[in-house]
Amino acid sequence: PQTTEPITISLQAFYECSALEEIIVRKVCLIEKSAFAECTSLKRIIASDLQETVTVHQNAFYRCRELNEVSINTQKLVVQENAFYSCRALQSLNKEYKYDLEVRTAAFRYCNSLETLGRVTIQASVGDSAFEACTSLTEIDMSKAIYVGNKCLYGCSSIKSVVLSDYMDSISKEMLNGCISLEEVVIGRGISEIPEEMFAGFTNLKRVVLPDLNLKT
């Protein structure tokens, strides 16, 4: 009989399955630590008919370097530490879906080909180095994030537009280091200080929107 219960893909369940090319799964709620790590031929993940929240645990797809498409149809996606670390061919995450995203430390670090996160709303936290060196990412809307970590967008050399949340009370000096293509930045109302030299040398920056507050600069 078909199960109606949500599926958990457990610790290292498919670790180093080097010939695995595609994953098609229904009703998954949890992908545990290193479940598909080092699956070096994996190209596509399609997950449908899911729970309201799906959690992708630490290192779940660590160094799946051929992975280029991830489609997880859920209302909220939680991506934990290093979950897609160095998935260098990954181009899109949930391109067709509207969803909420919570992303932890280094979750997409070195995903050099990542271009789009789809119709995403980031309502929780963005961890340190979450998108570090995602050199193909062109825009990100963090207008509802409650926390954005250090080096979150470090080295995102193609990003042109960044929107920061009214819920944030500070931004780190290195958050946007290396974002050499940045043209527009919107600063949230909760931020009271622009760090020293934060935008120094950003020669492509055309538009900055600052909140109507008494900023210290």
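To be clear, the structure that these remarks concern was listed above.
Think of each chain on its own: its residues are numbered from 1, step by step along the sequence as written. It should be noted that, the model being predicted, local features are given only for residues of pLDDT at least 70 and side-chain atom pairs only at 80 or more, the latter also being counted only at that level, while totals for whole chains, interfaces and linings use all residues. Hydrogens and waters are ignored; side-chain quantities use all the structure's heavy atoms.

Attention now goes to the nonpolar core. Ranked by internal contacts, the top residues of the largest apolar core, which has 64 residues, are Phe 61, Phe 84, Phe 108, Phe 131, Met 142 and Leu 153. Here, two residues are considered to be in contact whenever any of their heavy atoms come within 4.5 Å of each other. When residues no more than four places from it in sequence are discounted, the contact partners of Phe 84 are Val 56, Phe 61, Leu 67, Val 70, Val 79, Leu 90, Ala 107, Phe 108, Arg 109 and Cys 111. Remark: nonpolar core denotes a set of buried residues (Ala, Val, Leu, Ile, Met, Phe, Trp, Tyr, Cys) joined through side-chain atoms within 4.5 Å. Residue exposure (1.4 Å probe, protein chains only): buried if accessible area is under 20% of the type maximum, exposed if over 50%, otherwise partly exposed.

Pairs can form between side chains of opposite charge whenever their charged atoms are close. Just to be clear on terms, a salt bridge is a Lys or Arg side-chain nitrogen sitting within 4 Å of an Asp or Glu carboxyl oxygen. Considering all chains together, one arrives at 6 salt bridges under this definition. One salt bridge in this structure joins Arg 44 and Glu 22, with 2.3 Å as the shortest N-O distance. Of this pair, Arg 44 sits in strand E4 (residues 44–48) while Glu 22 sits in strand E2 (residues 22–26), and the two are 22 residues apart along the sequence. Under the relative-accessibility criterion, Arg 44 is labelled partly exposed at 31%. Each helix corresponds to a stretch of at least 4 residues labelled H or I by DSSP, and each strand to a stretch of at least 2 residues labelled E; elements are numbered beginning at the N terminus.

Now for the packing of aromatic side chains. Aromatic pairs are defined between Phe, Tyr and Trp rings, using the six-membered ring for Trp, whenever the two ring centres lie within 6.5 Å; interplanar angles under 30 degrees are classed as stacked, those over 60 as edge-to-face, and all others as tilted. This structure, assessed with the given rule, holds 8 aromatic pairs. Note on Tyr 85 and Tyr 110: the rings are 5.5 Å apart at their centroids and 85° apart in plane angle, and the pair reads as edge-to-face. Residue Tyr 85 is found in the loop between strand E7 (76–79) and strand E8 (92–93), and its partner Tyr 110 is found in the loop between strand E9 (98–103) and strand E10 (119–121); the two are separated by 25 residues along the sequence. Judged by its relative accessible area of 19%, Tyr 85 falls in the buried class.

Moving on, we get to the layout of surface pockets. In this analysis, the protein atoms alone were mapped onto a 1 Å grid. Cavities are point sets where a 1.4 Å probe fits without being able to get out; pockets are open sets with protein on both sides within 12 Å along at least five of seven lines; lining residues have an atom within 4 Å of a point. Grid points are joined across faces, edges and corners, and a volume is the space filled by probe spheres set on the points. In this model, the largest pocket occupies a volume close to 190 Å³. Forming the walls of the largest pocket are Glu 115, Thr 116, Leu 117, Gly 118, Val 120, Leu 137, Thr 138, Glu 139, Ile 140, Asp 141, Ser 161 and Val 163. Looking at the lining of the largest pocket, the elements that each hand over two or more residues are strand E12 (139–142) and strand E14 (161–164). The biggest single contributor to the lining of the largest pocket is E12, with 3 residues. When the residues that make up the lining of the largest pocket are grouped by side-chain class, the tally is 5 nonpolar, 4 polar and 3 charged. Under the grouping applied here, Gly and all other residues not named as nonpolar or charged are polar, the nonpolar ones being Ala, Val, Leu, Ile, Met, Phe, Trp, Tyr, Cys and Pro and the charged ones Asp, Glu, Lys and Arg.

What follows deals with unusual backbone geometry. Here the phi dihedral of Glu 16 falls at roughly 60°; this positive angle occurs in a residue that is not glycine. Tracing the backbone through its elements, the reader meets Glu 16 in the loop between strand E1 (7–9) and E2. Classification of Glu 16 as partly exposed rests on a relative accessible area of 48%.

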